[in-house]
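# Coordinates in review
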Amino acid sequence: MKNYAFFTGILVLLLGVVSQVKATTEKTEVSVDPRLRPSGQWSAFTGGNANTPPMGWNSWNAFRTEVDEGKVMGAAKAIVDSGLAQKGYKYINVDDGWWLKRRQSDSTIVIRTSIFPSADMGDGKDTSFRTFVDRIHDMGLKAGIYTDVGRNACSQVWDLHSPNLPEGSTEEREVGLWNHMPEDIALFFREWGFDYVKVDACGIADYSASEDFVSDNDYQPFEPFVVRGDLPSNDVAAVEGLYYDLSKTLSQVNPDNDYILSICTWGTANVRSWGKNYGNLWRTSEDIRSSWESMLHVFDSAVTRALFAGPGNWNDPDMLYIGHGDFDENHLIEAKSHFALWSVISAPLMIGYDLRDAPRSLLDIWGAEEIIAVNQDRAGNQGVLAYDGENSQVIVKSLRNPSEKAVVLFNRSAEMTSVTLRASDLNMNVETPISLRNLWLEKDQYRFEGEKAFQLQPHESLIFKASGERQLTKGLYLSEMPGRINVAVDGVDELTLDPKAHRKLSLEHKPDRHGSSYRQHYPGFGGPRINVSPYGDSITLNGEKYRNGIGVLANSRLEVKTLSEFDSFSVVVGMDENTPGTKAKVEFVVYGDGKKIASSPALGIKDKPLALSANVQNINIIELVARQVGEESSPVVVAWANAVFE
Ligand code: GLA
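Residues numbered from 1 in each chain as written. Predicted model: local features only at pLDDT ≥ 70, side-chain atom pairs only at ≥ 80, totals over all residues. Heavy atoms only, no water.

## Structural notes on helix H8 (residues 236-253)
Over its 18 residues, H8 extends 26 Å from the first C-alpha to the last, a length consistent with the 26 Å expected when each residue adds 1.5 Å. H8 sits mainly inside the fold: 13 of its 18 residues count as buried. (Helix = DSSP H or I, 4+ residues; strand = E, 2+ residues; numbered from the N terminus. Expected span 1.5 Å × (residues − 1). Buried < 20%, exposed > 50% of the residue type's maximum accessible area, 1.4 Å probe, protein only.)

Have a look at this one:
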């Protein structure tokens, strides 16, 4: 935590210097936290090729380390032959298990040619994935590879029985990026021609000197930056620093920008908040397993994080497990729910099944075109919980066409349940008809006014495209454009674990290698949310509940891409009654391209909320800053309610 503060401090200073120049006309703000000064810019990561969530296939959930060339090429061929490639699945990604060693004479990584024969260059020493990647490219697909940000990979700790572990001396088995980042990344992208890299983190998490397997296997110990299940011991700054370096290296090695960086720190080290600054997708949780509870758990880790995703940057609740265990061909209700949920929250769609022999029923799920279209909608708005009950949920995703919403009604439980969809969930008029298109059946199915109740089978989900008359005759609610919002500063000072991702009690304790247990910690709780407070309660300002808005902690700054598309902005601001900290006051400032365009005086918990409005013609970036005035030991919750761009 200390390191985190230090790293953040440095960032703050740097940003401060930049914004000081811009803020010379605003002398009164000099004492303010520099991170809250307007940048006039979009500060999330814009590199890489992920305007929509990446789609493809990955070897891990199908084969773990027992991957080989035949299996991967078989998947590539099936993706093309089945028509899935046409529908958008284009990345064919090799996960852990492909490497043999790091050659000590020149530090080059050697591929295990016994499983990837085309990598053998025939000279008895060199190996290259170029032929393999060329073949994938020739099929009209793209290729991905896997590595670790530390010295060693995950299989070297978690799959010790694997036949495909790196071999040789301690140093030869150090196949990760640690101390070799520029060379390895250049090898993967320039020489071998890959288009995608997944970068895991076991090398900086699991190789503590105190672990027996480290000495038993002659690994070089690594004092962990990520301590699983022990949030305060995480060295967030060190982890963030490594992925920052990686992001820079990738953009240097790939001037054509045709690459994807997948960050895999399993929701630890606060990646749920900073992943968007360096990569195209970041895992929000531990590994998915083929059980219903595990799927719910990883879904929960991402569904509250809509404001952190958007074109170029996606929450990753892990790859699809369709075809296995609770999601196999005998559990199509569960498999379809898994797919609909991933689609509506704009999660990457990575198939994890042996496609050389896939039943029609599963191909039909991965290939459901109108559902894929929801996932790939170019506005890039992640779906948002409109209703969040213990057993059922309603998730609504704003689409590029403002008169349409994708909606999933979801029964989490093993009982029949009734779920009601309301016009207000969709920001649509109560008195005019709303039509619902069933996206599995690809046909218009219902028309209703006001609200409609549905009976759902155990674990069932219904996915519709809703069309109807909007509540707003003109413009968009801020809450309908999460893909255009970047959480530049989330206001979370004290990292706390996310209790929402732990609602499945039986998953609270995950056994580790020693048979004891730990609970995976995902910080980022308290970050901004759509239509609720940061802790999930209704937005409540001075006794009045607001269904629409952004709930956020004070000392936050949100950047909104308005791109000169709107004329005016209006919003109601105030302190939220759900706030643990009530002594301080908060002032709200709206900036347009770096200049103040509206502001409130400091408002306290007893003050009436205030309506602000501003002309936003010809403005590209709006920033919404909530600044705390006065000391307060607990977080202060505020809201930007009923915010509308017209
Ligand atoms: C970690 C990752 C998985 C997979 C394995 C490979 O557990 O989270 O997705 O890549 O490592 O060993």
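## Notes on the packing of helix H10 (residues 292-303) against helix H11 (residues 332-344)
Running from N to C, H10 and H11 point in directions that differ by 10 degrees, and their axes come no closer than 11 Å. If you check the angle between H10 and H11, you find them roughly parallel. Facing H10, whose interface residues are Trp-292, Met-295, Val-298 and Phe-299, H11 presents Glu-334, Ser-337, His-338, Leu-341 and Trp-342. A per-class count over the contact of H10 with H11 returns six nonpolar, two polar and one charged. (Axes fitted to C-alpha atoms, helices over the stretch in contact; angles between N-to-C directions. Parallel < 35°, antiparallel > 145°, perpendicular 65-115°, else oblique. Contact = heavy atoms within 4.5 Å. Nonpolar A, V, L, I, M, F, W, Y, C, P; charged D, E, K, R; others polar.)

## Considerations on the side chain of His-180
Position of His-180 among the secondary structure elements: in the loop between helix H5 (155-158) and helix H6 (181-191). Excluding residues within four positions of it along the chain, His-180 makes contact with Arg-102 and Ser-107.

## So, the sheet that holds strand S20 (residues 485-489)
Ordered by their spatial adjacency, five strands build an open sheet running S20-S27-S32-S29-S30, and the pairing between neighbours is antiparallel. Since the sheet does not close on itself, it has two edges, and those belong to S20 and strand S30 (595-599), each with one partner. Each strand axis lies, on average, 25 degrees off the axis of its neighbour in the sheet, ignoring direction. The sheet contact formed by S20 and strand S27 (residues 556-561) spans four bridges and is antiparallel. Within the sheet, the bridge partner assigned to Val-487 lies in S27 and is Leu-558. (Pairing = 2+ DSSP bridges.)

## So, the pairing of strand S14 (residues 417-422)
Of the two faces of S14, only one is covered, namely that formed by Thr-417, Val-419 and Leu-421; the face formed by Ser-418, Thr-420 and Arg-422 stays uncovered. Inspection of the sheet shows S14 paired to strand S17 (residues 451-456) by six bridges, in the antiparallel sense. Residue pairing across strands places Leu-421 opposite Lys-452, the latter belonging to S17.

## Some points on the environment of Trp-99
By the element assignment, Trp-99 lies in strand S3 (residues 99-102). Considering only alpha carbons, one finds Trp-99 and Asp-377, 278 residues apart in sequence, at a separation of 37 Å. Excluding its chain neighbours within four sequence positions, the residues that come into contact with Trp-99 are Ile-109, Val-110, Arg-112, Tyr-146, Thr-147, Asp-148, Ala-153, Asn-164, Pro-166 and Val-175. Of the polar contacts made by the side chain of Trp-99, one reaches the side chain of Asp-96; its length is 3.3 Å. (Polar contact = N/O pair within 3.5 Å; in protein donor to acceptor, adjacent residues only side chain to side chain.)

## Topic: the state of the cysteines
Under the definition given, this model contains one disulfide. Each sulfur in the disulfide pair Cys-154 and Cys-202 lies 2.0 Å from the other. Taking the sign of the S-S torsion, about 95 degrees here, the bridge from Cys-154 to Cys-202 comes out right-handed. One end of the pair, Cys-154, is in the loop between strand S5 (142-148) and H5; the other, Cys-202, is in the loop between strand S6 (196-200) and helix H7 (212-216), and 48 residues separate them in sequence. The same class applies to Cys-154 as to Cys-202, namely buried. The thiol of Cys-264 is not disulfide-bonded; the next cysteine sulfur, from Cys-154, is found 6.5 Å away. By relative accessible area, Cys-264 is classed as buried at 1%. (Disulfide = S-S within 2.5 Å.)

## Regarding the packing of helix H3 (residues 69-81) against helix H4 (residues 130-138)
To describe two helices that pack against each other, one gives the angle between their axes and the distance between the axes. In the contact formed by H3 and H4, the axes pass within 10 Å of each other and the chain directions differ by 15 degrees. It follows from the interaxial angle that H3 and H4 lie roughly parallel. For the pair H3 and H4, the crossing hand works out as right-handed. Two secondary-structure elements touch here, H3 through Glu-69, Val-72 and Met-73 and H4 through Phe-132, Arg-135 and Ile-136. Partitioning the contact of H3 with H4 into residue classes produces four nonpolar, no polar and two charged. (Left-handed = near helix turned anticlockwise from the far one by under 90°.)

## Quick notes on the pattern of salt bridges
Evaluation of the coordinates by the stated rule reveals 34 salt bridges. Here Asp-498 and Arg-272 are joined by a salt bridge, their closest N and O atoms 2.8 Å apart. Of the two residues, Asp-498 sits in the loop between S20 and strand S21 (510-511) while Arg-272 sits in helix H9 (residues 271-278), which places them 226 residues apart along the sequence. An identical accessibility class is assigned to Asp-498 and Arg-272; each is buried. A salt bridge links Arg-437 to Asp-444, with the nearest nitrogen and oxygen atoms 3.2 Å apart. (Salt bridge = Lys/Arg side-chain N within 4 Å of Asp/Glu carboxyl O.)

## Quick look at the pairing of strand S11 (residues 384-388)
In terms of strand pairing, S11 meets strand S12 (residues 392-398) through four bridges, oriented antiparallel. If you follow Leu-385 over to S12, its bridge partner there is Ile-395. The loop that links S11 with its antiparallel partner S12 comprises three residues.

## So, the packing of aromatic side chains
With the rule as written, the count across this model stands at 36 aromatic pairs. Arranged with centres 5.9 Å apart and planes meeting at 80 degrees, the rings of Trp-98 and Phe-188 form a pair that is edge-to-face. Highlighted residues: Trp-98 in the loop between strand S2 (91-93) and S3 and Phe-188 in helix H6, separated in sequence by 90 residues. Given the relative accessible area of 0%, Trp-98 is considered buried. The class for Phe-188 is buried, based on a relative accessible area of 0%. Against the face of Phe-308 rests Arg-305, its NZ or CZ located 4.0 Å from the ring centre. Here Lys-452 stacks its cationic end above the ring of Tyr-446, 4.7 Å away from the centre of that ring. (Phe/Tyr/Trp six-rings, centres within 6.5 Å; stacked < 30°, edge-to-face > 60°. Lys NZ or Arg CZ within 6 Å of the ring centre and 35° of its normal.)

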